[in-house]
Amino acid sequence: MAPYPALFMKQLDLKVLKTMRTRGHHPVAEKSAMTISKSGENGYLWFGIGLAGAAFDGKHRKQWLAASLLGPLAIGLNFLVKLVVRRPRPELEGLPPLGGAPSSLSFPSAHATASFAAATAMSRIRPEMKLALFGAAAVMAVSRPYLGMHYPSDIAAGAVLGIGLGAVAGNVLEGLEEDPDAPYDF
């Protein structure tokens, strides 16, 4: 009986991917998804958010600077998992991917891993930003199967991995000292 749940999940994954690749595709939506996806390459978006946090929130500058490195570090760890799993990127007949990738490996999504790791850790620095940070992570993650770059299960696994990494990093960030004399600019 073990093959049936796995087969069901594989079929569901493919069905959701096909739906994402065939619904809501307007040139403006596709261009937006490509721009969002591009900003997530190598964790650049999250690096930038961390640097902005450091620039505008002097009281938590050290935490923001440390958090800015989490996206790129998560990408590296994610690639190690990809090398073990070796799942190829999706190929849908008549629906080529709307973007490129640095590797042919799909599981888990590095964009999802980096985004959810950074959102989790950064929301520990500024809990009032949690909704915006996780919203940005979700949009980043959803852009990947929309563009045909990942299966939905790649996104789910990347999000779970990212949240775990972010929780560990958040504990480390809380241990960094705040600067009581720095201006609270946020």
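A short note on the packing of aromatic side chains
To describe a pair of aromatic rings, one takes the distance between the centres and the angle between the planes. Here the structure, examined in full by the defined rule, presents one aromatic pair. Ring geometry for phenylalanine 116 and phenylalanine 134: centres 6.1 Å apart, planes at 50°, overall tilted. Of the two residues, phenylalanine 116 is situated in helix H6 (residues 110-125) and phenylalanine 134 in helix H7 (residues 130-146); the sequence distance between them amounts to 18 residues. Accessibility expressed as a relative area gives 12% for phenylalanine 116, which makes it buried.

Considerations on the packing of helix H3 (residues 44-56) against H7
H7 packs onto H3 with a crossing angle of 165° between their chain directions and a minimal axis gap of 12 Å. One finds that H3 runs roughly antiparallel with respect to H7. As for the relative orientation of H3 and H7, their crossing is right-handed in sense. Within the contact between the two elements, H3 uses Leu45, Trp46 and Ile49 and H7 uses Leu133, Ala136, Ala137 and Met140. A per-class count over the contact of H3 with H7 returns seven nonpolar, no polar and no charged.

Observations concerning the side chain of serine 109
Positionally, serine 109 belongs in the loop between helix H5 (70-85) and H6. Only 3.1 Å separates the side chain of serine 109 from the backbone nitrogen of alanine 112, close enough to count as a polar contact. The contact partners of serine 109, leaving out residues within four places of it in the chain, are Asn78, Arg144, His150, Asp154, Ile155 and Gly158.

Let's talk about the packing of H3 against H6
Across the interface, H3 lies against H6 with an axial gap of 9 Å and an inter-helix angle of 20°. Considering the angle they form, H3 stands roughly parallel to H6. At the point where H3 passes H6, the crossing takes the left-handed sense. Residues Trp46, Ile49 and Gly50 of H3 form the contact with H6, whose own contacting residues are Ala114, Ser115, Ala118, Ala119 and Met122. Per-class residue counts for the contact of H3 with H6 are six nonpolar, two polar and no charged.

What counts and how
- Residues numbered from 1 in each chain as written.
- Predicted model: local features only at pLDDT ≥ 70, side-chain atom pairs only at ≥ 80, totals over all residues.
- Heavy atoms only, no water.
- Phe/Tyr/Trp six-rings, centres within 6.5 Å; stacked < 30°, edge-to-face > 60°.
- Helix = DSSP H or I, 4+ residues; strand = E, 2+ residues; numbered from the N terminus.
- Buried < 20%, exposed > 50% of the residue type's maximum accessible area, 1.4 Å probe, protein only.
- Axes fitted to C-alpha atoms, helices over the stretch in contact; angles between N-to-C directions.
- Parallel < 35°, antiparallel > 145°, perpendicular 65-115°, else oblique.
- Left-handed = near helix turned anticlockwise from the far one by under 90°.
- Contact = heavy atoms within 4.5 Å.
- Nonpolar A, V, L, I, M, F, W, Y, C, P; charged D, E, K, R; others polar.
- Polar contact = N/O pair within 3.5 Å; in protein donor to acceptor, adjacent residues only side chain to side chain.

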